[in-house]
Amino acid sequence: MRRIAPLAAIALLAAVATPIVVAQGGSAPGAPDKSRVTAGTYAADPGHTMVVWEVDHLGFSKYTGIFGDVTGTLVIDPANPAAAKVDVTIPVAKVTTASAGLTSHLLRAGKDGGKPDFFGANPADAKFVSTSVVVDAEGDEAKVMGNLTLNGVTKPVTLDVDFHGAGVGMNKKETVGFEAETTIKRSDFGVSMGIPMVSDEVELEIHAAFEKQ
């Protein structure tokens, strides 16, 4: 998978660093070992699950933002990974960017009751629900097909997913983690402000941790 954009990396480090306790001389509780994954229903860890989005700005640079506080469930059975199901909700109203002005604009109501430039003042949550999973021969990569609902529009989306790690987390719960990426066109979801000065294509990177229930 491609390298995380610098702004996303900084935000990701900030998210995982507070609070965190690292035992001197110890090792991380998670490891890329599929044998650690057990069957069951897992809940997304909102503090460590996020959707990082990236657009091209004026052809000069990339611009990155984050949707955090993601909630939802993963149902998985290592004996039948293709039967896995994912259902997650992304609170659009909690979008974060490096610019307070841009964040405000993304959530600004339309003028005189008209259509907002982006998501509006009280945007509905986005949602992704998987419909099928195709796992590679090694069992650590998959294509997860599903429906993404954003800004009141539902479209099919395919995620390229990598298994990141599994183990028992700091709170003593079995945890599994994944990374995923895809590209969507924001105009497909009714968000066309600024195209083509700001790219229609939006690259999405998902960093997800799920805790067993």
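Conventions used here
Residues numbered from 1 in each chain as written. Predicted model: local features only at pLDDT ≥ 70, side-chain atom pairs only at ≥ 80, totals over all residues. Heavy atoms only, no water. Helix = DSSP H or I, 4+ residues; strand = E, 2+ residues; numbered from the N terminus. Buried < 20%, exposed > 50% of the residue type's maximum accessible area, 1.4 Å probe, protein only. Areas by Shrake-Rupley, 256 points an atom, 1.4 Å probe, with all protein chains shown as cover. Pairing = 2+ DSSP bridges. Patch = residues over 30% accessible without salt bridge, like charges linked within 9 Å, V, L, I, M, F, W, Y side chains within 5 Å. Salt bridge = Lys/Arg side-chain N within 4 Å of Asp/Glu carboxyl O. Phe/Tyr/Trp six-rings, centres within 6.5 Å; stacked < 30°, edge-to-face > 60°.

## Considerations on the overall build of the protein chain
Looking only at helices and strands, the protein chain has 2 helices and 12 strands in total. Along the protein chain, from the amino end to the carboxyl end, the secondary structure elements read α-β-β-β-β-β-β-β-α-β-β-β-β-β. Considering the protein chain as a whole, with its 213 residues, one finds that 37% of them fall into the buried category. Carbon and sulfur atoms form 59% of the exposed surface of the protein chain, whose accessible area is close to 11700 Å².

## Notes on the pairing of strand S6 (residues 85–90)
Two elements, strand S5 (residues 71–76) and S6, share 5 bridges in a ladder whose sense is antiparallel. Bridge assignment links Leu74 to a residue of S6, and that residue is Val86. Note: S6 against strand S8 (residues 126–135), 4 bridges, orientation antiparallel. Directly across from Thr89, in S8, lies its bridge partner Lys127.

## Looking at the environment of Thr183
As for its position among the elements, Thr183 is in strand S11 (residues 174–185). Classification of Thr183 by relative accessible area gives partly exposed; the value is 43%. Taking the C-alpha atoms as reference, Thr183 lies 9.3 Å from Trp53; in sequence the two are 130 residues apart.

## Concerning the pairing of S11
Across 8 bridges, the pairing between strand S10 (residues 153–168) and S11 is antiparallel. Bridge pairing links Asp162 to Glu179 in S11. Connecting S10 to the antiparallel partner S11 that follows it, the hairpin turn spans 5 residues, and Lys172 within it adopts a positive phi of roughly 70°. Relative to strand S12 (residues 201–212), S11 runs antiparallel, the two sharing 11 bridges. If you follow Phe178 over to S12, its bridge partner there is Ala208.

## Focus on a nonpolar patch on the surface
On the surface, a cluster of nonpolar side chains totalling about 370 Å² of accessible area is made up of Leu58, Phe60 and Met197. Looking at where Met197 falls in the secondary structure, it is placed in the loop between S11 and S12. Judged by its relative accessible area of 53%, Met197 falls in the exposed class.

## Focus: the pattern of salt bridges
Applying the stated rule across the entire model yields 4 salt bridges. For Lys62, the salt bridge goes to Glu203, with nearest N and O atoms at 3.7 Å. Placement of the pair is Lys62 in strand S4 (residues 61–67) and Glu203 in strand S12, with a sequence separation of 141 residues. Residue classification places Lys62 among the partly exposed positions, given a relative accessible area of 45%. For the salt bridge of Lys143 with Asp160, the shortest nitrogen-to-oxygen distance reads 2.5 Å. On the criterion of sequence distance, the pair formed by Lys143 in strand S9 (residues 141–150) and Asp160 in strand S10 is long-range, its members being 17 residues apart. You can call Asp160 partly exposed: its relative accessible area is 32%.

## A few points about the packing of aromatic side chains
Enumeration over the complete set of coordinates arrives at 3 aromatic pairs. Aromatic side chains Phe67 and Phe119 sit 6.2 Å apart centroid to centroid with 70° between the ring planes, which places their arrangement in the edge-to-face category. On the criterion of sequence distance, the pair formed by Phe67 in strand S4 and Phe119 in the loop between helix H2 (100–106) and S8 is long-range, its members being 52 residues apart. Their ring planes at 65° and their centres at 5.9 Å tell us that Phe163 and Phe178 sit as a pair that is edge-to-face. Residue Phe163 is located in strand S10, and its partner Phe178 is located in strand S11; the two are separated by 15 residues in the primary sequence. Given the relative accessible area of 14%, Phe163 is considered buried.

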